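Residue-level structural notes
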Amino acid sequence: MKQTPYIILSIIILSIIVALAALLWGCACSRSQADLRLEEAESLMEEHPDSALTVIDAIDTLRLDSERERARYALLRSMALDKNLIDTTDFILQPAIDYYVERDKGSANEKLRTLYYKGRIFQNRGDDDNAMRAFVTARDYEGSATDTLTLARLLVAQGSIFYAMESWKMFIDNSLLAAKFFKAKNRTALELRCLAKSLSG
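Quick caveat: nothing in here was measured; it's all calculated off a predicted structure.

**Quick word on the overall build of the protein**
Assigned secondary structure in the protein consists of ten helices and zero strands. Starting at the N terminus and walking to the C terminus, you meet the elements of the protein as α-α-α-α-α-α-α-α-α-α. Of all 201 residues assigned to the protein, the portion counted as buried reaches 38%. Within the protein, residue pairs in contact and separated by at least 24 positions form 58% of the contacts whose partners lie at least 6 positions apart. Carbon together with sulfur atoms contributes 57% to the accessible area of the protein, which is approximately 11800 Å² in total.

What follows is the structure, encoded as structure tokens:
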């Protein structure tokens, strides 16, 4: 009879464990196939952008169930195209702009990336004024975003506009700051290129 409280306690603990396991399993299963593929593409993006683009292109866009998924897809596809040196002038990025920037959803990194690639599309169109507006807005996330590689690339892209404007001091400042970010990420070739640019400025 004395064991009854222990049996009841054991049953309660076992029930809690089963409930938690079911909850975790439900969360894992609730993630869509498209979301898992987008995560895979993002993990490949920096080192293997060609593979990232292949993964993204294999996603059935009709299966993007939420506004968040469509925004993430648009952002990652824009990133993959740019990293594969495919200059696009089409705003395939628009769902990301609407979600991350206009509706102020997502993280500081997602906002920074969206604004950077928005600027890159304007640059591809030869529209430096709108590109600069996007880059200036993106710099608002300089303190809160942790994606310093995108920030470094933004500084380089913005610097190229300063160079065309013959704003030498701003061009040099951007090049030196970009070099610092590239150095922190052990991107020596990119760091040296930025330092060389600052000397030419």
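Right, picking up where we left off after that structure.
**Notes on the environment of Tyr73**
Relative to the elements of secondary structure, Tyr73 occurs in helix 4 (residues 67–83). Separated by 14 residues in sequence, Tyr73 and Ile59 have C-alpha atoms that sit 9.0 Å apart. Those residues in contact with Tyr73, other than ones at most four positions away along the chain, are Leu38, Ile56, Ile59, Thr61 and Leu64.

**Examining the packing of aromatic side chains**
Under the counting rule described, the total for this entry stands at six aromatic pairs. Ring centres 5.2 Å apart and planes at 80° place the aromatic pair Tyr163 and Trp168 in the edge-to-face group. Among the aromatic residues, those joined into a ring-pair cluster are Tyr116, Tyr117 and Phe135.

**Concerning unusual backbone geometry**
Positive phi, close to 60°, is recorded for Glu166, a residue that is not glycine. Within the fold, Glu166 resides in the loop between helix 8 (148–164) and helix 9 (168–184). Since its relative accessible area comes to 55%, Glu166 is described here as exposed. Although it is not a glycine, Asn186 sits at a positive phi angle of roughly 60°. The class for Asn186 is exposed, based on a relative accessible area of 66%.

**Observations regarding a nonpolar patch on the surface**
A cluster of nonpolar side chains, contributed by Ile8, Ile12 and Ile16, occupies part of the molecular surface with about 270 Å² of accessible area. Along the chain, Ile8 falls in helix 1 (residues 4–30). Given a relative accessible area of 46%, Ile8 falls into the partly exposed group.

**Overview of the pattern of salt bridges**
Should the charged atoms of two oppositely charged side chains come close, the side chains can pair. Within this structure, the stated rule accounts for 17 salt bridges. Here Arg139 and Glu142 are joined by a salt bridge, their closest N and O atoms 2.7 Å apart. A relative accessible area of 28% means that Glu142 is categorised as partly exposed. A single salt-bridge network, built from bridges that share partners, covers Asp35, Glu42, Arg68, Arg72, Arg113 and Asp147.

**Some words on helix 5 (residues 94–102)**
Residues Ala96, Ile97, Tyr99 and Tyr100 constitute the buried set of helix 5. Where helix 5 is buried, its residues touch helix 4 and helix 6 (108–124). In the stretch just after helix 5, Asp104 is the one whose phi turns positive, near 60°.

Parameters and conventions
Residues numbered from 1 in each chain as written. Predicted model: local features only at pLDDT ≥ 70, side-chain atom pairs only at ≥ 80, totals over all residues. Heavy atoms only, no water. Helix = DSSP H or I, 4+ residues; strand = E, 2+ residues; numbered from the N terminus. Buried < 20%, exposed > 50% of the residue type's maximum accessible area, 1.4 Å probe, protein only. Contact = heavy atoms within 4.5 Å. Areas by Shrake-Rupley, 256 points an atom, 1.4 Å probe, with all protein chains shown as cover. Phe/Tyr/Trp six-rings, centres within 6.5 Å; stacked < 30°, edge-to-face > 60°. Patch = residues over 30% accessible without salt bridge, like charges linked within 9 Å, V, L, I, M, F, W, Y side chains within 5 Å. Salt bridge = Lys/Arg side-chain N within 4 Å of Asp/Glu carboxyl O.

By themselves, these figures tell us nothing about what the structure is for.
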